[in-house]
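Given next are the chains, with one letter for each unit.
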Amino acid sequence: MSVFSHREFDNHQQVAFFNDKKSGLRAIIAVHNTNLGPALGGCRMWPYGSDEEALTDVLRLSKGMTYKSALANLQLGGGKAVIIGESRTQKTDDLLYAMGDFIEGLGGRYITTEDSGTSVTDILKMGQRTEHVSGVDKASDHGGDPSPTTARGVFVSLREAVLHKLGRSDLKGLKVAIQGLGNVGYRLARYLHEAGATLYVTDIVKVNVDRAVRELGATAVSGEDIFGLDVDVFAPCALGAAINDNTIDKLKVSIVAGAANNQLATLKHGEILHQRGILYAPDYVVNAGGIIDVYYQRKMLVAGYSAANYAKDLSAKVDGIGATLHEIFVRSDAENVPTFVVADRLAEERFNAVDCHWQPQRQNQLKSNAPMAAPSCNR
Ligand code: NAD
């Protein structure tokens, strides 16, 4: 298995492999870039078919975190962790403690949080071995789970996209198709319902659909039909690659804006959306509410940074997602390049503006109340 020559390597700063025979833990942590601060990203537990598959996933995901945090204007770099295993049957306390030890060994360069297959409880267990965890703060009104903030950010994004593309500042009567009614999708549906939108929904879990029909007056549609509806917005909130060869030609919407990561199966699909005049709100900009939330939760470790500071900063930063999207949409129009290309360029401009890696002696940087300027190099 190659690392430095791996197709997803993309100049990763560090890739660490960990094996703990006693607990059975096998994990990889990838730190893509720490120019703007320590790498924060979720810890995924998944039964990968091969080591190669796990490595590919962690490299791709950690790079995405660098771009996401840079565009959210956070003093964070990008990183991610994967545990190879089935979360329902192979997760034990000892395995989570061993994962905590692994993270501790990186000296703060990587900070973990929840992802697919790991919960707040799991991260708290890792947190018994390392302080480099986030997304577990009881002072936040949702016990550390960032999903409600992610949903809020998606709603803010959708409003901005509607304003830009349709010239409308209210969402009354706007028709939105939502794929996936989980932690984020259902909350997004509720925000939209409260704003007067008309909802069309699908989920592979029937109770999720029934709840949206009952509580939000949504219309249930099949997993196939969700793509071809004559509606204004398509909001992918399930898994990745919703925009692919089989679905892209069916879309009749003006806007694609949703929570799911990696919505475009390939970059070609982003190009096609652009050519067809469908406004694509780049996924990692839209769903940054979660990383913003865990970032500010971590700041609450600092004396003097209160829950009130957290609430105020969080709200301002999530609203700021709208401003970032506005900048991307305007640049995309002016330069006639797809929005996802503009987003990538903007992120690269930000993290390439600083050319030094975060070092453990800057440990307190994240915990300080210093303004959000990019860190200066202290090597
Ligand atoms: P979730 O697991 O709670 O919800 C996903 C929902 O999608 C589930 O209800 C599931 O049944 C449904 N689903 C799965 N496959 C489907 C399909 N083919 N058709 C229709 N429905 C399907 O996950 P979540 O936390 O709500 O996250 C949703 C998406 O947003 C994911 O892609 C996730 O990576 C991304 N995201 C989430 C957060 C967060 O804070 N939770 C942050 C950033 C990005």
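So, how was this worked out
- Residues numbered from 1 in each chain as written.
- Predicted model: local features only at pLDDT ≥ 70, side-chain atom pairs only at ≥ 80, totals over all residues.
- Heavy atoms only, no water.
- Near = heavy atom within 4 Å.
- Polar contact = N/O pair within 3.5 Å; in protein donor to acceptor, adjacent residues only side chain to side chain.
- Areas by Shrake-Rupley, 256 points an atom, 1.4 Å probe, with all protein chains shown as cover.
- Nonpolar A, V, L, I, M, F, W, Y, C, P; charged D, E, K, R; others polar.
- Helix = DSSP H or I, 4+ residues; strand = E, 2+ residues; numbered from the N terminus.
- Buried < 20%, exposed > 50% of the residue type's maximum accessible area, 1.4 Å probe, protein only.
- Domains from an automatic or database assignment.
- Contact = heavy atoms within 4.5 Å.
- Buried area = accessible area lost by both parts, 1.4 Å probe.
- Salt bridge = Lys/Arg side-chain N within 4 Å of Asp/Glu carboxyl O.

## Side note on the site of the ligand
Here is step 1: Neighbouring the ligand are 21 residues, the closest being Thr150, Asn183, Val184, Asp203 and Ala238.
Here is step 2: Here serine 147 contributes a side-chain N or O atom positioned 3.1 Å from a nitrogen atom of the ligand.
Here is step 3: One nitrogen or oxygen atom from the main chain of alanine 238 is found 2.7 Å from an oxygen atom belonging to the ligand.
Here is step 4: In isolation the ligand offers 830 Å² of accessible surface; the protein chains occlude 73% of this area.
Here is step 5: Taken together, the residues of the shell around the ligand sort by class into ten nonpolar, nine polar and two charged.

## Some points on unusual backbone geometry
Here is step 1: Unlike most non-glycine residues, asparagine 11 shows phi in positive territory, near 55 degrees.
Here is step 2: Structurally, asparagine 11 can be placed in the segment before strand E1 (14–20).
Here is step 3: On the basis of relative accessibility, which here comes to 69%, the residue asparagine 11 falls in the exposed class.
Here is step 4: The phi dihedral of asparagine 262 falls on the positive side, at around 50 degrees, and the residue is not glycine.
Here is step 5: Take asparagine 262: it is sitting in the loop between strand E10 (255–256) and helix H8 (267–275).
Here is step 6: Accessibility expressed as a relative area gives 37% for asparagine 262, which makes it partly exposed.

## Details of the domain arrangement of the protein
Here is step 1: When cut into domains, the protein gives domain 1 (1–133 + 342–373) and domain 2 (147–288 + 319–337).
Here is step 2: The straight-line distance from the C-alpha centre of domain 1 to that of domain 2 is 27 Å.
Here is step 3: Every contact between the two is made by 13 residues of domain 1 and, on the other side, 14 residues of domain 2.
Here is step 4: Carbon and sulfur atoms supply 58% of the area buried between domain 1 and domain 2, which totals about 1100 Å² over both sides.
Here is step 5: The interface formed by domain 1 and domain 2 includes two salt bridges.

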